[in-house]
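Listed here are the chains, written in short residue letters.
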Amino acid sequence: MQKNETAWFCVSFLLYNYKKRGGRMVNKNNVDNEVIELDHYENPIIQDAGNCGIYASLNGFKMLKEEKVNKIGIKIDIFNLVKKVSYATNKDTGITFIGEFFDGENLCKLINDENFKKVVSKYFPSIESFNAKIVDLDKSIFEQNNLKHFYLIPIHLRIKNDNMHWITIYNNKRANSINGCEKRTHRSKYLTYGEIKEENSSITDFFDWNKYNPSNFCYKKFYKEHKDNFLSKSFIHDGKEDYRNVKEKCIEVCVETK
């Protein structure tokens, strides 16, 4: 990675932390009444671009084992990983463009990828192994109290181009993966299971790449360099990409710790 790219990640990190944005957690003790209390998660790893699925995963590991993380180092390693698995550099085996995951199966592939596991092992040394799979979005996941897994849930994000968004639910907590423009922390203190289901079912049919403009300098540069080639992919129609394997679905990540 060039020095100027590292510098831009540092600037981005400082700007986001200056604004002191945080995520939310869910207390599932009231699940019998279908009421989930929202608390504030003060120390997440904040995403850089449209890569909420990746950072939702990282925050799941971080919540599982509250370890100190080099937040600039991990951002650089994730950017390098994204370039390795991008459609732009892997014509036949790519699973993302610049870190977005609009297909739940592809997010599972990333989490199960050895390169991603190396990043997790580097920053979360107490995580011994993990595996991800698609499961049905069901109320039972709120009733479990398993310390060895967390769930990634796709929901409808009604800001920032009406996009979809990945959040993390773990044990008695819910950590938002945090977008730089995240305003969802200002809504009601309570969220029911029904509302989570509704937010999932409200996911629109497609993402409009024509409206996308990444804020992070490094992602923006990569996006501009490869945009035309990416938009010519067979699954892109008029600049739009369909959401796949996300409605009524979520991802279960089973973890073994040392």
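This one's a predicted model, so the numbers in the text were calculated from it and none came from an experiment.

A. Here's a closer look at the pattern of salt bridges. Within this structure, the stated rule accounts for eight salt bridges. With a shortest N-O distance of 3.4 Å, Arg 244 and Asp 103 are connected by a salt bridge. Of this pair, Arg 244 sits in the loop between strand S10 (240-242) and strand S11 (249-257) while Asp 103 sits in the loop between helix H3 (71-85) and helix H4 (104-112); the two residues are 141 residues apart in sequence, bridging distant segments of the chain. Judged by relative accessible area, which is 24%, Arg 244 ranks as partly exposed. Overall, Asp 103 belongs to the buried group, its relative accessible area being 10%. One salt bridge in this structure joins Lys 249 and Asp 136, with 2.8 Å as the shortest N-O distance. Of this pair, Lys 249 sits in strand S11 while Asp 136 is found in strand S3 (residues 127-136), placing the two residues 113 residues apart along the sequence.

B. Representation of the nonpolar core in the model. Leu 58, Phe 61, Ile 78, Phe 116, Phe 124, Trp 166 and Val 253 are the most contacted members of the largest nonpolar core, which totals 55 residues. The element that contributes the greatest number of residues to this core is helix H2 (residues 52-64), accounting for eight residues. Leu 58 has contacts with Ile 45, Ile 74, Ile 78, Phe 116, Val 120 and Phe 124, leaving out every residue within four places of it along the chain.

C. The arrangement of the packing of H4 against helix H5 (residues 114-123) in detail. At their nearest, the axes of H4 and H5 sit 5 Å apart, and the two run at 60 degrees to each other. Between H4 and H5, the interaxial angle falls into the category oblique. Between H4, through Leu 110, Ile 111 and Asn 112, and H5, the contact on the second element is made entirely by Glu 114, Phe 116 and Lys 117. Each residue belonging to the contact of H4 with H5 can be placed in one class, and the counts come to three nonpolar, one polar and two charged.

D. Layout of the packing of H3 against helix H8 (residues 217-230). In the contact formed by H3 and H8, the axes pass within 11 Å of each other and the chain directions differ by 15 degrees. One element, H3, and the other, H8, form an angle in the roughly parallel class. Crossing of H3 against H8: the hand is right-handed. Across the interface between the two elements, Ile 78, Phe 79, Val 82 and Lys 83 from H3 touch Cys 218, Tyr 219 and Phe 222 from H8.

E. Highlighting the state of the cysteines. Tallying each qualifying case throughout the model produces zero disulfides. Here Cys 108 stays free of any disulfide, with the sulfur of Cys 250 as its closest cysteine sulfur at 9.6 Å.

F. Representation of the side chain of Asp 208 within the structure. Looking at the secondary structure, you find Asp 208 in strand S8 (residues 206-208). Lys 240 provides the closest opposite charge to the buried, unpaired Asp 208, separated from it by 4.2 Å. A polar contact of 2.9 Å, which involves the side chain of Asp 208, links it to the side chain of Asn 210. Those residues within four positions of Asp 208 in sequence are excluded, and the remaining contacts are Gly 239 and Lys 240.

G. Focus on the pairing of strand S5 (residues 164-170). Most of S5 sits out of view: seven of its seven residues are buried. Neither face of S5 is left uncovered, since the one carrying Met 164, Trp 166, Thr 168 and Tyr 170 and the one carrying His 165, Ile 167 and Ile 169 both have all their residues buried. As paired strands, strand S4 (residues 149-156) and S5 are joined by six bridges and run antiparallel to one another. Opposite Leu 152, over in S5, you have Thr 168 as the bridge partner.

H. Just the environment of Leu 147, in detail. Inspection of the secondary structure puts Leu 147 in the loop between helix H6 (140-143) and S4. Assessed through its relative accessible area of 54%, Leu 147 is described here as exposed. In this structure, the C-alpha to C-alpha distance between Leu 147 and Tyr 170, residues 23 residues apart in sequence, is 7.8 Å.

Rules used throughout
Residues numbered from 1 in each chain as written. Predicted model: local features only at pLDDT ≥ 70, side-chain atom pairs only at ≥ 80, totals over all residues. Heavy atoms only, no water. Salt bridge = Lys/Arg side-chain N within 4 Å of Asp/Glu carboxyl O. Helix = DSSP H or I, 4+ residues; strand = E, 2+ residues; numbered from the N terminus. Buried < 20%, exposed > 50% of the residue type's maximum accessible area, 1.4 Å probe, protein only. Core = buried A, V, L, I, M, F, W, Y, C linked by side-chain atoms within 4.5 Å. Contact = heavy atoms within 4.5 Å. Axes fitted to C-alpha atoms, helices over the stretch in contact; angles between N-to-C directions. Parallel < 35°, antiparallel > 145°, perpendicular 65-115°, else oblique. Nonpolar A, V, L, I, M, F, W, Y, C, P; charged D, E, K, R; others polar. Left-handed = near helix turned anticlockwise from the far one by under 90°. Disulfide = S-S within 2.5 Å. Lys, Arg positive; Asp, Glu negative; His and termini not counted. Polar contact = N/O pair within 3.5 Å; in protein donor to acceptor, adjacent residues only side chain to side chain. Pairing = 2+ DSSP bridges.

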